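Next come the chains, spelled out residue by residue.
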Amino acid sequence: MPRRALRLGVAGPVGTGKSSLIATVCRNMAAELEIGVVTNDIYTDEDARFLRASGVLSAARIRAVETGACPHTAIRDDITMNLIAVEDMERDVGPLDLVLVESGGDNLTATFSPGLVDAQVFVLDVAGGGDVVRKGGPGIARADLLAVNKVDLAPYVDVDVDRMVAEGAAARGGAPVLALSRHRPETVDELCAWIRRLAGDHAAGRHTPTDPGAPAHHHHAHVRAT
Amino acid sequence: MTARAALLLFADGRLPAGGYAHSGGLEESVRTGRVRDAQSLESFLEGRARTVGLVLAAFAARSCRAARDPDPLPELEVLDAELDARTPSPAQRETSRQLGRQLHRLLTGMAHHPLLERLPRAPHQPLVLGAACGLYGLRPLDAALAALHESVTGPAVAAVRLMSIDPFRTHAALARIAPSLDRLAERALEHCDGSPHDMPAAAAPLLDVVAEVHATRSERLFAS
Ligand SMILES: Nc1nc2c(ncn2[C@@H]2O[C@H](COP(=O)(O)OP(=O)(O)O)[C@@H](O)[C@H]2O)c(=O)[nH]1
Ligand SMILES: [Mg+2]
């Protein structure tokens, strides 16, 4: 099989920090990985413009998919536009190691199709409140990584981060949950380490994608977070 | 036995080839106030079918017929250039090729198709649609109908997001123009043979203008 980049989806509600997370990853990992980004916006190319303006990647490595106000469709039911965007970018500027695909972020239930990404991160933020984790959804329960973002803001919104993380871990049967803030370098390091490990596994053919959208057939409550 | 079920597959709005991101010029037409209620929407849809729709249907039907020839590629190439010549708006040419490419990506992802794999990278959408109909045993009339159906259902479905109209009224409009789609499909068939240079060129110049203006908008729900 020809070697292609690891495709990592970044999903989660609007405003939780998906674009910022992607910019942070690019800023911190561009020296070790060849990275490209595909954004999915509700209104034209806002996210792509934000990333271009942040200067973390060259413009050719940032592509926008226009989703006709249906961002959830573009990452799950009808992935053709995204697939073409990813394939075009790999052909034009490749070979790449990592392609980050940002979802348009319209609701809690949207997850990426296994035909589009190899793994996905679901992003929540503390400002949304601790309840969101308990309310759940396929992304929260079964994404490869749950990021609880903006933990620097926790004191201002009366959220107990440790508790939110613990409830996330419980809802996920122990699968990884990361407390994240771009203002806390040690949390950014953890995120980068997780991606580095995943990219390594993918390159070595050791990564087996799982689909959070599909119902879990058996519980992995005994599996410990790594 | 006549193939039929495959036609429903290709005409289904849920076909995962990215069509849902387009409004066929409706978004800009609503913005400028030309389409504002059920009546003007129906006129828009019927006008679209009689002009752009008829042209797309003729190209789809002819591509369907060509797909059954021993070597369809030379004719498809001529048809591609002829359709370019009938699409004055660069934005619309781009949209048509993008949709063609997406349908092509879907079809080649579904199955191995030696003909489709030899097509150039981004053919116009009705050529891919027509060729696909041919490959799945459908007739040129089916391809024409599919093209016409798509030319009006895309904008009609987009309408419920762009204007204050309920989905019963949009579908009532579609049902009322259905007989005229049947007639237009028959007319499209007349162009399956003869010189490809004589393909129809019915135009809706305002749709071309609208496509160009829409492409410059920085805020829009639909890609076209
Ligand atoms: N305090 C704080 N704000 C953040 C953090 N990450 C993102 N933001 C802010 O959250 C807002 C939404 O971020 P954005 O990345 O656009 O969210 P998206 O809609 O999920 O892509 C912006 O104002 C960001 O500056 C963080 O770690 N801490
Ligand atoms: Mg964003």
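Per an unreviewed UniProt entry, chain B goes by the name Urease accessory protein UreF and belongs to Streptomyces diacarni. Recorded in UniProt for chain B, the comment headed Subcellular location (unreviewed entry) runs: "Cytoplasm". Listed under Function (unreviewed entry) in UniProt, the entry text for chain B is "Required for maturation of urease via the functional incorporation of the urease nickel metallocenter."

Caption draft 1: Region of interest: the overall build of chain A. A tally of regular secondary structure across chain A gives eight helices and seven strands. Against the 2.2 N^0.38 benchmark of 17 Å for 226 residues, chain A shows a C-alpha radius of gyration of 16 Å, consistent with a compact globule. Projected onto its principal axes, the C-alpha positions of chain A cover 45 × 40 × 35 Å. Sorting the 226 residues of chain A into buried and exposed places 52% on the buried side.

Caption draft 2: Representation of the interface of chain A and chain B. Counting residues at the interface gives 20 residues for chain A, matched by 19 residues for chain B. When residues of chain A are sorted by the area they lose upon contact with chain B, Glu66, Asp78 and Met81 of chain A head the list and together hold 28% of the total. Our count for the contact surface shared by chain A and chain B stands at four salt bridges. Residue aspartate 88 of chain A is joined to arginine 121 of chain B by a salt bridge in which the shortest nitrogen-to-oxygen separation is 3.7 Å. The interface formed by chain A and chain B includes 10 residue pairs in polar contact (both at pLDDT 80 or more). Every element with two or more residues in the side of chain A that touches chain B is listed here: α3 (71–75) and α4 (80–93) of chain A.

Caption draft 3: Just the packing of aromatic side chains, in detail. Residue and element names in this part refer to chain B. Within this structure, the stated rule accounts for one aromatic pair over all chains. Ring geometry for phenylalanine 10 against tyrosine 136: centres 5.3 Å apart, planes inclined by 75 degrees, an arrangement best described as edge-to-face. Here tyrosine 136 lies in the loop between α7 (125–135) and α8 (140–162) and phenylalanine 10 lies in helix α1 (residues 5–11), a separation of 126 residues in the sequence. For tyrosine 136, a relative accessible area of 26% gives the class partly exposed.

Caption draft 4: Layout of the nonpolar core. Counting 67 residues, the largest nonpolar core has Phe10, Leu26, Leu41, Leu45 and Leu103 of chain B as its most contacted members. Ranked by the residues each element gives to this core, the list is headed by helix α3 (residues 38–66) of chain B, at 15 residues. Residues contacting leucine 41 of chain B, with those up to four places away along its chain left out, are Leu26, Val35, Ala159, Met163, Ile165 and Thr170 of chain B. Residues Ala11, Phe112, Ala143 and Val161 of chain A belong to the second largest nonpolar core, which totals 37 residues.

Caption draft 5: Up close: empty space enclosed by the protein. Residues and elements named next belong to chain A. Per the stated rule, a full pass over the model turns up one cavity of 30 Å³ or more. Reported here for the largest cavity is a volume of approximately 40 Å³. In terms of lining residues, the largest cavity is bounded by Phe112, Ser113, Pro114, Val117, Asp118, Ala119, Gln120, Pro209, Thr210, Asp211 and Pro212.

Caption draft 6: Examining the confidence of the model for chain A more closely. When pLDDT is averaged across chain A, the result is 90; 94% of the residues are at 70 or more. Counting contacts from residues 219–226 of chain A, a segment whose pLDDT is below 50, to residues more than four positions away or on other chains yields eight contacts.

Caption draft 7: Inspection of the site of ligand 1 at higher detail. Residues and elements named next belong to chain A. Close contacts around ligand 1 come from 16 residues, with Gly15, Lys18, Ser19, Ser20 and Asp152 the closest. In the environment of ligand 1, an oxygen atom lies 2.8 Å from a nitrogen or oxygen atom belonging to the backbone of lysine 18. Sort the elements by how many residues they give to the shell around ligand 1 and helix α1 (residues 18–29) lands first, with three residues. Considering only residue class, the shell around ligand 1 consists of three nonpolar, eight polar and five charged.

Caption draft 8: Molecular detail of the sheet that holds strand β3 (residues 62–66) of chain A. Residue and element names in this part refer to chain A. Strand order in the open sheet formed by seven strands is β3-β2-β4-β1-β5-β6-β7, and the pairing between neighbours is parallel. Of all strands in the sheet, those with a lone pairing partner are β3 and β7 (177–179), marking the two edges. Within the sheet, the average angular offset between the axes of one strand and its neighbour, ignoring direction, is 20 degrees. Bridge count between strand β1 (residues 6–11) and strand β5 (residues 119–125): four bridges; the pairing is parallel. What sits directly across from leucine 8, in β5, is alanine 119. Most of the contacts of α1 go to strand β4 (residues 98–102), to which it runs at about 165 degrees, and overall it touches β1, β2 (35–41), β4, β5 and β6 (145–149).

Caption draft 9: Representation of the coordination of the magnesium ion (ligand 2) within the structure. All names here are of chain A. Ligation of the magnesium ion (ligand 2) by protein atoms is provided by Ser19 (OG), Asp47 (OD) and Glu102 (OE), these donors lying 2.1 to 2.5 Å from the ion. Counting gaps between the donor residues of the magnesium ion (ligand 2) yields the pattern S-x27-D-x54-E. Separated by 28 residues along the polypeptide, serine 19 in helix α1 and aspartate 47 in helix α2 (residues 46–54) bring together distant segments of the chain. As far as the burial class goes, serine 19 and aspartate 47 line up, both buried.

Caption draft 10: α7 of chain B, seen in detail. Residue and element names in this part refer to chain B. When you tally the buried positions in α7, you get 10 out of 11 residues, the bulk of the element. Buried residues of α7: Gln125, Pro126, Leu127, Val128, Leu129, Gly130, Ala131, Ala132, Cys133 and Gly134, and no others. Against the buried residues of α7 lie α1, α3, α4 (73–85), α5 (90–110), α6 (114–117) and α8. Downstream of α7 by one or two residues, glycine 137 has phi in the positive range, about 80 degrees.

Rules and cut-offs
In every chain, residue numbers begin from 1 and rise along the written sequence. Numbering of ligands from 1 and lettering of chains from A proceed in the order in which they are written. Confidence filtering applies because this is a predicted model: local features only for residues at pLDDT of at least 70, side-chain atom pairs given and counted only at 80 or more, and all residues used for totals across whole chains, interfaces and linings. Excluded from the side-chain calculation are hydrogens and water; included are all heavy atoms of the structure. UniProt positions are given in the numbering used here, feature names are shortened, and annotations may be inferred rather than shown by experiment. Helix and strand definitions here come from DSSP, where helices need a minimum of 4 consecutive H or I residues and strands a minimum of 2 consecutive E residues; each element is numbered from the N-terminal end. Radius of gyration: C-alpha atoms only; globule rule: 2.2 Å multiplied by the number of residues to the exponent 0.38. The buried label goes to any residue with under 20% of its type's maximum accessible area, the exposed label to any with over 50%, and the partly exposed label to all in between, with areas taken from a 1.4 Å probe on protein chains only. By definition, residues are in contact when any of their heavy atoms lie within 4.5 Å. Here's the idea: put two parts together, see how much 1.4 Å probe accessible area each one loses, and the total over both is what we call buried area. Whenever Lys or Arg places a side-chain nitrogen within 4 Å of a carboxyl oxygen from Asp or Glu, that contact is recorded as a salt bridge. Under this definition, polar contacts are N or O atom pairs within 3.5 Å; protein pairs additionally need one hydrogen-donor-capable and one acceptor-capable atom, and for neighbouring residues in sequence, both atoms have to be side-chain atoms. Between 30 and 60 degrees the pair is tilted, below 30 it is stacked and above 60 it is edge-to-face, where a pair is any two Phe, Tyr or Trp rings, Trp via its six-membered ring, whose centres lie within 6.5 Å. To qualify as a nonpolar core, a set must consist of buried Ala, Val, Leu, Ile, Met, Phe, Trp, Tyr and Cys residues joined through side-chain atoms within 4.5 Å. Here a cavity means grid points, on a 1 Å grid over the protein atoms only, where a 1.4 Å probe fits yet cannot get out; a pocket means an open set of points with protein on both sides within 12 Å along at least five of seven lines; lining residues are those with an atom within 4 Å of a point. Grid points are joined across faces, edges and corners, and a volume is the space filled by probe spheres set on the points. Confidence of the predictor in every single residue is expressed as pLDDT, which spans 0 to 100. By convention in these notes, a residue is near a molecule or strand provided one of its non-hydrogen atoms lies within 4 Å of it. All amino acids are sorted into three groups, where Ala, Val, Leu, Ile, Met, Phe, Trp, Tyr, Cys and Pro are nonpolar, Asp, Glu, Lys and Arg are charged, and the leftover types, Gly among them, are polar. Two strands qualify as a pair provided that DSSP identifies no fewer than 2 bridges between them. Each axis is a line fitted through C-alpha atoms, and for a helix only the stretch in contact is used; angles between axes span 0 to 180 degrees, taken between their N-to-C directions. Note that water is not among the atoms used; donors are N, O and S atoms within 2.8 Å of the metal (3.2 Å for Na, K and Ca), so sites may look incomplete.

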